[in-house]
Amino acid sequence: MQRTSNWGPDYFHKVVDCQWACPAHTPVPEYIRLIAEGRYTDAYMVNWTSNVFPGILGRTCDRPCEPACRRGRVEDEPVAICRLKRVAADNKAGVTARLPSPAEQSNGKRVALIGCGPASLTVARDLAPLGYEITIYDGEAKTGGMIRSQIPRFRLPEEVIDEEVGYITALGGMELRMGSRIDSLKALLAEGYDAIFVGSGAPRGRDLELPGREEARANIHIGIDWLSSVSFGHIDKIGRRVIVLGGGNTAMDCCRTSRRLGGEDVKVIVRSGFEEMKASPWEKEDAIHEDIPILNFRVPKAFTHEVGKLTGVTFEVVHAEYDESGRRRLVPSGDADEHYECDDVLVAVGQENSFPWIERDAGLAFDDAIGMPQVNPLTMQSSLPHVFFGGDAAFGPKNIIWAVAHGHDAAVSIDKFCRGEDVSLRPPPEFSLVSQKMGIHEWSYDNDISNDQRYRVPLRDKVVALKDVRLEVELGFDRELGFKEAERCLNCDVETVFADKLCIECDACVDICPMDCITFTEDGEEEDLRGRLKAPAENPTQDLYVSGTLATGRVMVKDEDVCLHCGLCAERCPTGAWDMQKFLIEMTHAGGRHG
């Protein structure tokens, strides 16, 4: 195999699994160490630089980092990365003085942002300090987009939204036109903006056109619209018996909100199996904790009604069958249909984009098969060179962290476009690889491996929580629990770096490695090498670390997949061939490294 290079960021970035998996590439181990040191404001700012909304995401992120966490592979449950963001947010001191200063003067470029959600706000945050004149349009009266309208207050208090959106709007150089819905792209194009960013989200919930839908319309609600009405105070009650149709996170928010608005008998009924539901595992756990049953493998057939009033829903019972390729299809089980009585139904079977305001003769190319604009996934640029997309409006519904990542990418493109540069040439990230050696056997980080199991976030008493739709149910880690959870991090960004010219092939590192992940062997092709290691490397998504040819003609091969980053190999090595070096990568945002 080709020798692993220490001179670029790609290999070592991938070893930091959590940061690699995060769409915004937040330096996770870096901010977790800062939390362990009690440096909460520093930890918050590390987050703010990359993911923009630490307090919001610390409560609501879909956590793509956690399934990737090395701790979950080699020992037990992953580190509670998401909830540690909240520890930084809850315990920080004032950060206003550490935010970018408003631009001293305009650069003369005008940018319109459609929608005031996380994608647009990220673009505004990145471009405002560079002197851009930004105008944000949104049909709602308040900022935040879906952060404010679709996430219940018992999960995300409004004051957290106000605070973190406020950090952005205080950067200057932007005009908020709230309550101003864009009805025509052509009209906006005519206003002569240098660039336009569309971050309007996926505002339309899918409906179910079943028998009885029209007759019982008054008590059948589209989930995301209903959640928005609750958030803005237009709805404050629901019937005693509620059925929620759908298995995603919106369905979990609907059922839990219903329990707080008078729903005593609330059921979630899903066509798929429990494991196949799109809702995050913790979202399902929270619903079950609040006494909400989830019934699976039931397909709605009809809404029943009497004299124009909803009486219930009829379901066909199905089961899953799989073909040779593993594709699933739902087939009738042969059991009798089931009927569940209810007073209200919340339909949460998915969201879709809606662009009635984009005229099809405006010059913007659409993929007619899916009704979505054609967007370059690297640059976020549409077929109109100065119109860019991001968030749910670009590629369909995802999570806040994806919207933030899109916003960063779009801001880079807008900045380069307005400078007359090639938007496809992306600025490289900044990175460093620095030894942590403080002595022969001492490191500048704590390399002890905590044996603690994952700590659970304390919850408010259920009886109290279910009485108030605006009372936050998660209490968050206090400083003591936050420290203990932070100690579970394996410091994956402190990498084992091998200098083959210093190695005497004594095998001391092989003997002391607790995971048997180091092997000295004959070189070969990757597939062959993976099977010949001391412990076979069975995860092909994580690379092997391969040295150059050693004195005996062998190579050193390390399986990065299960390495604990404990540093015992470096402590044991008599020649210093192994070193523990901290890898830090920061993605370059708008305004960085032009040329």
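If you're wondering where the values come from, they're calculated on a predicted model, not measured in any experiment. (Residues numbered from 1 in each chain as written. Predicted model: local features only at pLDDT ≥ 70, side-chain atom pairs only at ≥ 80, totals over all residues. Heavy atoms only, no water.)

### Re the environment of Asn107
Its location among the elements puts Asn107 in the loop between α8 (81-91) and β1 (110-114). Assessed through its relative accessible area of 32%, Asn107 is described here as partly exposed. In the structure, Asn107 is positioned 383 residues away from Leu490 in sequence and 45 Å away in space, judged by C-alpha atoms. Contacts of Asn107, omitting those with residues within four sequence positions, involve Leu130, Gly131 and Tyr132. Only 3.4 Å separates the side chain of Asn107 from the backbone oxygen of Leu130, close enough to count as a polar contact. (Helix = DSSP H or I, 4+ residues; strand = E, 2+ residues; numbered from the N terminus. Buried < 20%, exposed > 50% of the residue type's maximum accessible area, 1.4 Å probe, protein only. Contact = heavy atoms within 4.5 Å. Polar contact = N/O pair within 3.5 Å; in protein donor to acceptor, adjacent residues only side chain to side chain.)

### Digging into the packing of aromatic side chains
A complete count under the given rule lists twelve aromatic pairs for this structure. Here the aromatic rings of Phe355 and Phe366 are separated by 6.0 Å at their centres, their planes lie at 70 degrees, and the arrangement is edge-to-face. Pair noted here: Phe355 is in the loop between β15 (351-352) and β16 (366-367) and Phe366 is in strand β16, with a separation of eleven residues, a long-range link. Each member of the pair, Phe355 as well as Phe366, carries the same accessibility label: buried. (Phe/Tyr/Trp six-rings, centres within 6.5 Å; stacked < 30°, edge-to-face > 60°.)

### Topic: the sheet that holds strand β24 (residues 578-586)
Taken in spatial order, the three strands line up as β19-β24-β20 in an open sheet, and their pairing is antiparallel. Of all the strands in the sheet, the pair left with one neighbour each is β19 (430-435) and β20 (494-498). Taken over all neighbouring pairs, the strand axes of this sheet differ in orientation by 35 degrees on average, direction set aside. Sheet topology note: the β19/β24 ladder contains six bridges and is antiparallel. Each bridged residue has a counterpart across the sheet, and for Ser435 the counterpart in β24 is Gln581. (Pairing = 2+ DSSP bridges. Axes fitted to C-alpha atoms, helices over the stretch in contact; angles between N-to-C directions.)

### A short note on the pairing of β1
Among the five residues that make up β1, four are buried, leaving the element largely enclosed by the rest of the structure. Pairing geometry for β1 and strand β2 (residues 133-138), over five bridges, is parallel. Across the sheet, the residue bridging to Arg110 is Glu133, located in β2. For the segment spanning β1, helix α9 (residues 118-127) and β2, crossover handedness is right-handed. Relative to strand β4 (residues 195-198), β1 runs parallel, the two sharing four bridges. Residue pairing for β4: Ala112 is matched across the bridge by Ile196. (Right-handed = clockwise from strand over helix to strand, strands pointing away.)

### A few points about the domain arrangement of the protein chain
Each domain of the protein chain was delimited in the assignment, giving domain 1 (9-97 + 429-486), domain 2 (107-203 + 353-395 + 403-418), domain 3 (205-346) and domain 4 (494-592). Using only C-alpha atoms to locate each centre, domain 1 and domain 2 end up separated by 28 Å. Taken together, the contacts link 21 residues of domain 1 with 21 residues of domain 2. Carbon and sulfur atoms supply 64% of the area buried between domain 1 and domain 2, which totals about 1800 Å² over both sides. Interface area lost by domain 1 to domain 2 is led by Trp48, Phe53 and Ile56, which between them contribute 31%. Joining domain 1 to domain 2, the criterion identifies two salt bridges. When the shortest N-O distance is used, the salt bridge between Lys92 and Glu163 registers 2.7 Å. (Domains from an automatic or database assignment. Buried area = accessible area lost by both parts, 1.4 Å probe. Salt bridge = Lys/Arg side-chain N within 4 Å of Asp/Glu carboxyl O.)

### Topic: the sheet that holds β2
Reading across the sheet, the five strands line up as β3-β2-β1-β4-β18 and stay open at both edges, with parallel pairing between neighbours. Lying at the two open borders of the sheet, with one neighbouring strand each, are β3 (174-178) and β18 (387-389). Looking at each pair of strands side by side, their axes are set apart by 20 degrees on average, direction ignored. Pairing analysis gives five bridges linking β2 to β3, with the strands arranged parallel. Pairing of Ile134 across the sheet is with Met174, part of β3. Sitting on the sheet, α9 is in contact with β1, β2, β3 and β4, with an inclination near 160 degrees to β1.

### Structural notes on the side chain of Ser413
Its place among the elements puts Ser413 in helix α17 (residues 400-418). In contact with Ser413, not counting residues within four places along its chain, are Thr379, Phe388, Val423 and Arg426.

### Notes on α8
Most of α8 is tucked away, with ten of its eleven residues classed as buried. The set of residues buried in α8 consists of Ile81, Cys82, Arg83, Leu84, Lys85, Arg86, Val87, Ala88, Ala89 and Asn91. Of the surrounding elements, those touching the buried residues of α8 are α2 (17-21), α3 (28-36), α4 (40-51), α5 (54-60), α6 (65-68) and α19 (479-486).

### Some points on α19
Here α19 has its buried residues at Gly482, Glu485 and Ala486. What you see down the axis of α19 is that its buried residues fit within an arc of 100 degrees, all on one side. Against α3 and α8 lie the buried residues of α19. If you check the start of α19, you find a side-chain oxygen 3.2 Å away from the backbone N of Glu480, and it comes from Asp478. (Arc of directions from axis to C-beta.)

### Notes on the packing of α9 against α17
Packing of α9 against α17 brings their axes to within 7 Å, and their N-to-C directions diverge by 40 degrees. Classified by the interaxial angle, the pair formed by α9 and α17 is oblique. Along this stretch, α9 crosses α17, giving a crossing that reads as right-handed. On α17, the residues that touch Pro118, Ala119, Thr122, Val123, Arg125, Asp126 and Leu127 of α9 are Ile400, Ala403, Val404, Gly407, His408, Ala410, Ala411, Ile414 and Asp415. Grouping the constituent residues of the contact of α9 with α17 by class yields ten nonpolar, three polar and three charged. (Parallel < 35°, antiparallel > 145°, perpendicular 65-115°, else oblique. Left-handed = near helix turned anticlockwise from the far one by under 90°. Nonpolar A, V, L, I, M, F, W, Y, C, P; charged D, E, K, R; others polar.)

### Section: the pattern of salt bridges
Applying the stated criterion to the full structure yields 56 salt bridges. Salt-bridge contacts for Asp17 lead to Arg70; the nearest nitrogen and oxygen are separated by 3.0 Å. Here Asp17, found in helix α2, pairs with Arg70, found in helix α7 (residues 70-74); they are 53 residues apart in sequence, far enough to count as distant. Classification of Asp17 by relative accessible area gives buried; the value is 10%. Relative accessible area serves as the criterion here: at 1%, Arg70 is assigned to the buried category. Close ionic contact of Glu505 with Arg554 constitutes a salt bridge, the shortest N to O distance being 3.1 Å. In this pair, Glu505 sits in the loop between β20 and α20 (508-512) while Arg554 sits in the loop between β22 (544-546) and β23 (555-559), placing the two residues 49 residues apart along the sequence.

### So, the pairing of β23
In the case of a regular strand, side chains alternate between the two sheet surfaces. β23 sits mainly inside the fold: five of its five residues count as buried. Across four bridges, strand β21 (residues 518-521) lies against β23 in antiparallel orientation. Looking across to β23, one finds that Thr519 is bridged to Val557.

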